[in-house]
Amino acid sequence: RLRYRAILCGAALKNDNTMNLRSYFKTGAPFEAVQIPEFRFLITGRFLFILSLRMMSTLVGWWIYQLTNAPFAIGLIGLSEVIPALSLALYAGHVIDISEKRKLLLSGVFMYVSAAFVLFLLSLQFTAKHLTHHHVALCIYVVIGCTGIVRAFAGPSFNVLLALIVPRQALQNAITWNQGAWLAASVVGHAMGGFCIALFGNSSTLVCICAGMAAAFAVLFPIKKKPPLIQNTEKKTLESVKEGLRFVFRTKDLLGAISLDMFAVFFGGAVAMVPVFARDILKIGPEGFGILNGASDVGAICSVLLLTFFPMKRKQGQRLIIAVSAFGICIVIFAFSKWFLLSFFALMLSGIFDGISVVIRGTIMQLRTPDAMKGRVMSVNSMFVNSSNELGQFESGLMAKIMGVVPSVIFGGCTTFLVAVVTWFKARELRKLEY
């Protein structure tokens, strides 16, 4: 049926250039956004890119723990990335809005390839003979810090390109597909990272990571240029940044969704301690570590698939808050678990609820934000939410050092649940949100 409709679309477009492809597809259809060629390039390239990044993060977490035997050292990975990413986020939003988006994204992917190559050099036996474990760990932190700089520009560029490629009426469907590709890449990347470490070692795993990022660059390259939409590109940077911040803080439902997700990710960052649970508590080795590290993403994929075919029509704000509270409960269950299967299913359920919240928040951002401001708003979102992943990783490492690993994860899950409860009663605009 979809193929037949596509043929009709092609014939109609030849006769009337003003006709739009989206008019031939039922709004809300599961494959509505996938009919757009550039969107297929974007989600395929993002899949390969995120897969490689997840392999890198899995490798770096395991590698640092091998070098230091300290849970706190794992937390420092997140801190070394989030400081430059957070510092440059607002400026990056301004640069994205006044720049050609495709070139900016491709430059960021290329820089990530370079960072992975430097990590490869650090993993060689030659380097191990000339540097101590302490010095190798310091070099890894420096490389991750550099990726934080690149991430401030590359991360929001993906979402801005999505909004410029996909018509507004297909945005919810596109966001769901985009999130599904991101989560699928996370699952495969975490699992592949664990298995590659076990089978081939760190150096060969980094070769695979470089190849994956290079493939992402090749897939993203055919996307057409996307010039800036704002007319006054000479606007002062500070004025432009303030404009983006004012928009976020004045849009109450958007601010509430971003803030809720930020606190949930910050306090519920149990995944940061998965290397410790895998090696010292569950004793499942690098293979089990890779599987457990991808458990939450498996759950998120399930929720995204469900939302693709059965999108939410009503009470999205209420469901967002309920999903975040359930996420916190799952983190507490994971902390108490001593069995691999229970730990896996607890993290998988947390991923299901997290996937629901991510789709709702992403849809709110895309629908509420004008195209000319998307770079700045996505960067503000990066400050609030994406950077909270790394801050949450640092918080998990710090609390693990102070309280112990298990109590710190219990604390994070309980705090996430309480934040959701407070949001239910205090954020009326978010609770009543529907789109």
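Residues numbered from 1 in each chain as written. Predicted model: local features only at pLDDT ≥ 70, side-chain atom pairs only at ≥ 80, totals over all residues. Heavy atoms only, no water.

A. Up close: the packing of helix H4 (residues 101-123) against helix H8 (residues 202-220). Put simply, H4 and H8 touch, their axes get as near as 9 Å, and they point 170° apart. Classified by the angle between their axes, H4 and H8 sit roughly antiparallel to one another. Residue-level contacts link Leu105, Leu106, Val109, Phe110, Tyr112, Val113, Ala116, Phe117, Leu119, Phe120 and Ser123 of H4 to Asn202, Ser203, Leu206, Val207, Ile209, Cys210, Met213, Ala214, Phe217 and Leu220 of H8. Its residues placed into classes, the contact of H4 with H8 shows 18 nonpolar, three polar and no charged. (Axes fitted to C-alpha atoms, helices over the stretch in contact; angles between N-to-C directions. Helix = DSSP H or I, 4+ residues; strand = E, 2+ residues; numbered from the N terminus. Parallel < 35°, antiparallel > 145°, perpendicular 65-115°, else oblique. Contact = heavy atoms within 4.5 Å. Nonpolar A, V, L, I, M, F, W, Y, C, P; charged D, E, K, R; others polar.)

B. Region of interest: the nonpolar core. Counting 80 residues, the largest nonpolar core has Phe39, Trp63, Leu119 and Ile140 as the members making the most contacts within it. At 16 residues, helix H2 (residues 37-68) tops the list of elements feeding residues into this core. Apart from residues no more than four positions distant in its own chain, Trp63 is found in contact with Leu119, Leu122, Ser123, Val136, Ile140, Asn202 and Leu206. Ranked by size, the runner-up nonpolar core spans 36 residues in total, among them Ile301, Val324, Ile356 and Val380. (Core = buried A, V, L, I, M, F, W, Y, C linked by side-chain atoms within 4.5 Å. Buried < 20%, exposed > 50% of the residue type's maximum accessible area, 1.4 Å probe, protein only.)

C. Here's a closer look at the side chain of Arg54. For Arg54, the location among the structural elements is in helix H2. With near-sequence residues (within four places) excluded, Arg54 lies in contact with Trp182, Ala185, Ser186, Gly189 and His190.

D. Representation of the packing of aromatic side chains. Enumeration according to the criterion identifies eight aromatic pairs in this entry. For the pair Phe217 and Phe221, a centre-to-centre distance of 6.2 Å together with 35° between the ring planes defines the contact as tilted. Each member of the aromatic cluster is reached from another via a ring pair, and the members are Phe49, Tyr112 and Phe158. Positioned over the ring face of Phe221 is Arg102, at 4.6 Å from the centre of the ring. (Phe/Tyr/Trp six-rings, centres within 6.5 Å; stacked < 30°, edge-to-face > 60°. Lys NZ or Arg CZ within 6 Å of the ring centre and 35° of its normal.)

E. Structural detail: a nonpolar patch on the surface. Judged by side-chain polarity, Ile329, Ile333, Trp339, Leu342, Phe417, Leu418, Val421 and Phe425 come together as a nonpolar surface patch covering roughly 800 Å² of accessible area. Secondary structure elements with two or more residues in the nonpolar patch: helix H14 (316-336) and helix H17 (405-426). It is H17 that contributes the most residues to the nonpolar patch, four residues altogether. Positionally, Phe425 belongs in helix H17. Look at Phe425 and you get exposed, because its relative accessible area is 62%. (Patch = residues over 30% accessible without salt bridge, like charges linked within 9 Å, V, L, I, M, F, W, Y side chains within 5 Å. Areas by Shrake-Rupley, 256 points an atom, 1.4 Å probe, with all protein chains shown as cover. Salt bridge = Lys/Arg side-chain N within 4 Å of Asp/Glu carboxyl O.)

F. View of the state of the cysteines. Considering all chains together, one arrives at zero disulfides under this definition. Looking at Cys208, it has no disulfide partner, and the nearest cysteine sulfur is the one in Cys196, 4.8 Å off. Exposure remark for Cys208: the relative accessible area of 35% places this residue in the partly exposed category. (Disulfide = S-S within 2.5 Å.)

G. Looking closely at the pattern of salt bridges. One pass over the full model with this rule turns up two salt bridges. The residue Lys226 makes a salt bridge to Glu38 at a minimum N-O spacing of 3.2 Å. Residue Lys226 is located in the loop between H8 and helix H9 (237-250), and its partner Glu38 is located in helix H2; the two are separated by 188 residues in the primary sequence. Looking at Lys226, the relative accessible area reads 10%, which means it is buried. Taking relative accessible area as the criterion, Glu38 reaches 16% and is therefore assigned buried. Across the salt bridge formed by Glu81 and Arg151, the nearest N and O atoms sit 3.4 Å from each other. Of the two residues, Glu81 is situated in helix H3 (residues 71-98) and Arg151 in helix H6 (residues 133-165); the sequence distance between them amounts to 70 residues. The exposure class assigned to Glu81 is buried, which follows from its relative accessible area of 14%.

H. Local environment of the packing of helix H10 (residues 252-267) against H17. Where H10 contacts H17, the axes come no closer than 8 Å and their chain directions differ by 165°. When the axis of H10 is compared with that of H17, the two are roughly antiparallel. H17 is crossed by H10, and the crossing has right-handed handedness. Contact residues: Leu260, Phe263, Ala264 and Phe267 in H10; Phe411, Gly412, Gly413, Thr415, Thr416, Val419, Ala420 and Thr423 in H17. Its residues placed into classes, the contact of H10 with H17 shows seven nonpolar, five polar and no charged. (Left-handed = near helix turned anticlockwise from the far one by under 90°.)

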